[in-house]
Amino acid sequence: MSTAPSAPSRSGRLSTALGLPRLRGQRLLLAAVVIDSTGSGLAVPFLLLYLISRDHMPAATAGTVLTVAGLVALAAGPLSGPLLDRWGPGRLVQCAHALRATAFLGYLAVGSTPAVLVLATLAALGDNLFWPANRAFLARRCQPGELLRWYGLERALRNIGLAVGGLAAGVLAGSGTTGLRLVMAGNAVSYVIAAVLIALLPAPAAPGPPRAAPGSRPAARRPDRAYVTMVAANTLLVLVCVALPVLVPLYVVRQLHQPSWVVGAVFALNTLLVTAGQTLVVRRVERHDHLVVLRSAAVLWSAAAVLFGAVSGMPGGAVLPLLALAVLVFTAAELMHGPTSDAVAVRMAPEDGPGRHLGLHQLSWGVGSAIAPLILTRALSLGPWWPWVLLAVGAGAATAMLSAVGNGHPGRRREETEHDRRAQGDG
């Protein structure tokens, strides 16, 4: 005699309503995400201050060292591909944590400019190895149809960790060099703990994609034209995304002549919306074609750029309301783009050897972030409208490129299969 499926529990219904994935047995993974991101929140905002105050390094020198390190570490994007296919995502995540922990412990012991350059490069290499490995790692551990939900939850948790870490670092930094040393040490310890927690995770309950035999190399496939086009579009969208931390502070203070607390309010509003809204937005968009979602995010970013640019021509009383509206539209695009771009990259990559594809996708984040300060500050020097025109056009170009990718890519078929499975599970 057949048995009718049991009704979802109250907690299950609440998780579904909030856009959360199934979390049973995932405590260690969630703890690793929060601890890792809290450590980053501790150290990343205060690294420049630490190098300047402890090592008496000129600000321009410290900034140049970190920029050069970031550019050198772009090589880790393509490098992560073969390492990911050979070692698997879990080992590569642990390796990235170890590199970053070593770098931040090293900051405590050395202070010469060449040594700091080596350590900064090591940390940046760890960052660029971590992200493609982490995307593949979550994809292997999540339930069918829940990939986007996991990316959304992880992003929300990372925002919480960064906020908590940043607040704690602000308190510690108030005690001078000793407090800043504790901040650097705390970040290193967070990476070690996160690596240990990853090592303690049980094997995934659901079978993952086929794995190559030990010592063998998976068949390496070149990313096809559709994947390269998607990556090029994402590079433009990353350039738009990082405009908030790179361009908005300068724009608000120097072009709009607003007090510095307005910059803090902009970032507080953005952080609050991302933390509270990420999983809810994922729930709304997860059943839609992910490329359509990315195109919608690009359109919203174009609109946000127009709104930001329009603020410069407004009378004083209209500046703050229009600025708040621009931040809301910008953040809506950010909520749609963040987890969806990762899901598209994973689903368009071959399941049995995704490393080369995910490494190329990581390069879009590295290149977009690296070129943003130079391009946006140069554009701003031409006038308050120019960077926003550039960003609106860039987002429009990304929309056209994503449209060219089309719906016939393999990742689209995998989306449909996962959505069917999830519908059966929810039914």
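Residue numbers here run from 1 along each chain, matching the order of that chain's written sequence. Only residues with pLDDT of at least 70 are given local features in this predicted model, and only at 80 or more are side-chain atom pairs given and counted; all residues enter the totals for whole chains, interfaces and linings. Excluding hydrogens and water, the side-chain values take into account all heavy atoms of the structure.

**Structural notes on the overall build of the chain**
If you tally the helices and strands in the chain, you get 18 helices and zero strands. A total of 427 residues make up the chain; the buried ones form 49% of that total. Surface accessibility in these figures is a Shrake-Rupley result with a 1.4 Å probe; residues are shielded only by whichever protein chains are displayed. Counting every atom, the chain has about 19100 Å² of accessible surface; 67% of that belongs to carbon and sulfur. Helix and strand assignments come from DSSP, with helices taken as H or I runs of at least 4 residues and strands as E runs of at least 2, each series counted from the N terminus. Relative accessibility under 20% of the residue-type maximum defines a buried residue, over 50% an exposed one, and the middle range a partly exposed one, all with a 1.4 Å probe and only protein chains included.

**Section: the pattern of salt bridges**
Salt bridge, as used here: a side-chain nitrogen of Lys or Arg that lies within 4 Å of a carboxyl oxygen of Asp or Glu. Under the criterion given, the structure shown has six salt bridges. Among the ionic pairs, R158 bridges to D36, the shortest N-O distance being 2.9 Å. Here D36 lies in helix α2 (residues 27-43) and R158 lies in helix α8 (residues 147-173), a separation of 122 residues in the sequence. For the pair formed by R158 and D36, the shared burial category is buried. Residue D342 pairs with R135 through a salt bridge whose shortest N-O separation is 2.6 Å. On the criterion of sequence distance, the pair formed by D342 in helix α15 (residues 316-348) and R135 in helix α7 (residues 113-141) is long-range, its members being 207 residues apart. Residue R135 is classed as buried on the basis of its relative accessible area of 5%. The network of salt bridges with shared partners includes D36, E154 and R158.

**Overview of the packing of aromatic side chains**
The aromatic pairing rule takes the rings of Phe, Tyr and Trp, using the six-membered ring of Trp, and pairs them if the centres are within 6.5 Å, calling planes under 30 degrees apart stacked, those over 60 edge-to-face and the rest tilted. Summed over the entire model, instances satisfying the criterion amount to seven aromatic pairs. Here F308 and W388 contribute two aromatic rings whose centre-to-centre distance is 4.7 Å and whose plane-to-plane angle is 15°, an arrangement assigned as stacked. Placement of the pair is F308 in helix α14 (residues 290-311) and W388 in helix α17 (residues 386-405), with a sequence separation of 80 residues. Comparing F308 with W388 shows no difference in burial state: the two are buried. Put simply, the rings of Y251, W301, F308, F330 and W388 touch in pairs and so form one group of aromatic residues. Note that R100 overlies the ring of F130, its terminal NZ or CZ placed 4.6 Å from the centroid. Charges are assigned to positions over rings by a cutoff of 6 Å between ring centre and Lys NZ or Arg CZ, combined with an angular limit of 35 degrees from the ring normal.

**Focus: the environment of L157**
Following the sequence through the fold, L157 ends up in helix α8. Exposure remark for L157: the relative accessible area of 17% places this residue in the buried category. With 117 residues separating them in the primary sequence, L157 and V274 have C-alpha atoms 9.9 Å apart. Those residues in contact with L157, other than ones at most four positions away along the chain, are L30, V33, V34 and S37. Contacts were defined at the residue level, with two residues in contact if any of their heavy atoms lie within 4.5 Å.

**Examining the confidence of the model for the chain**
Any residue range with low pLDDT should be treated as having predicted coordinates unsuitable for detailed reading. pLDDT gives the predictor's per-residue confidence on a scale running from 0 to 100. Residues of the chain with pLDDT of at least 70 account for 86%, and the chain-wide mean is 82. Within the chain, α14 carries the highest mean pLDDT (96), whereas helix α18 (residues 410-426) carries the lowest (46). In this model, residues 1-7 is a region of pLDDT below 50 whose contacts with residues beyond four sequence positions or in other chains number zero contacts. Ignoring residues within four places in sequence, the model shows residues 419-427, a span with pLDDT below 50, making 14 contacts including any to other chains.

**Brief notes about the nonpolar core**
Within the largest apolar cluster, 91 residues are counted, with the highest numbers of intra-cluster contacts made by Y227, M230, W301, F308, L323, W388 and L391. At 15 residues, α15 tops the list of elements feeding residues into this core. Excluding anything up to four places from it in sequence, W301 contacts L237, V240, C241, F330, A333, E334, H337 and A395. Nonpolar cores were defined as sets of buried Ala, Val, Leu, Ile, Met, Phe, Trp, Tyr and Cys residues, with membership established by side-chain atoms within 4.5 Å. Among the nonpolar cores identified, the runner-up in size contains 26 residues, and F46, M57, F104 and V183 belong to it.

**Regarding helix α9 (residues 177-200)**
To estimate how far a helix should reach, multiply one less than its number of residues by 1.5 Å. The end-to-end C-alpha separation of α9 is 35 Å, in line with the 34 Å expected for 24 residues at 1.5 Å each. G179, L180, V183, M184, N187, A188, S190, Y191, A194, A195, L197 and I198 are the residues of α9 that are buried.

**Here's the deal with a nonpolar patch on the surface**
Exposure above 30% relative accessible area and no salt bridge define the residues that can form patches, which grow by joining like charges within 9 Å and nonpolar side chains of Val, Leu, Ile, Met, Phe, Trp and Tyr within 5 Å. Residues L28, V192, V196 and L200 make up a contiguous nonpolar surface patch of about 320 Å² in total accessible area. Ranked by residues supplied to the nonpolar patch, first place goes to α9 with three residues. With respect to the element layout, L200 can be found in helix α9. Judged by relative accessible area, L200 falls into the exposed class, the value being 54%.

**Regarding unusual backbone geometry**
Most peptide bonds take the trans configuration, and most residues that are not glycine carry a negative phi. With a phi angle near 55°, H257 is a residue other than glycine that sits in the positive phi range. With respect to the helices, strands and loops of the structure, H257 is situated in the loop between α12 (248-255) and α13 (260-285).

**Examining the side chain of D342**
Take D342: its relative accessible area is 14%, and that puts it in the buried class. The contacts of D342, once residues within four sequence positions are left out, are R135, Y151, H361 and W365.

**A few points about the environment of V346**
Relative to the assigned elements, V346 resides in helix α15. Note on V346: relative accessible area 8%, which makes it buried.

**Brief notes about the packing of helix α16 (residues 355-382) against α17**
To obtain an axis, a line is fitted to C-alpha atoms, over the contacting stretch when the element is a helix, and the angle between two such axes runs from 0 to 180 degrees between their N-to-C directions. Where α16 contacts α17, the two axes come as close as 7 Å, and the packing angle between them is 130°. Judged by the inter-axis angle, α16 sits oblique to α17. For the pair α16 and α17, the contacting residues are I375, L376, A379, L380 and L382 in the first and W386, P387, L390 and L391 in the second. In terms of residue class, the contact of α16 with α17 is made up of nine nonpolar, no polar and no charged. Oblique is the label for every angle not falling under 35 degrees (roughly parallel), over 145 degrees (roughly antiparallel), or within 65 to 115 degrees (roughly perpendicular). As a working rule, the residues Ala, Val, Leu, Ile, Met, Phe, Trp, Tyr, Cys and Pro are called nonpolar, Asp, Glu, Lys and Arg charged, and the rest polar, with Gly in that last group.

**Quick notes on the packing of helix α10 (residues 225-241) against α17**
As a packed pair, α10 and α17 sit with axes 9 Å apart at the nearest point and diverge in direction by 160°. Taken as axis vectors, α10 and α17 run roughly antiparallel relative to one another. As for the relative orientation of α10 and α17, their crossing is left-handed in sense. Where α10 abuts α17, its residues A226, T229, M230, A232, A233, L236, L237, L239 and V240 lie against L391, G394, A395, A397, A398, M401, L402 and V405. A breakdown of the residues in the contact of α10 with α17 according to their chemical character gives 15 nonpolar, two polar and no charged. By the definition used in this description, the sense in which the near helix is turned from the far one sets the handedness, with an anticlockwise turn below a right angle giving left-handed and a clockwise turn giving right-handed.

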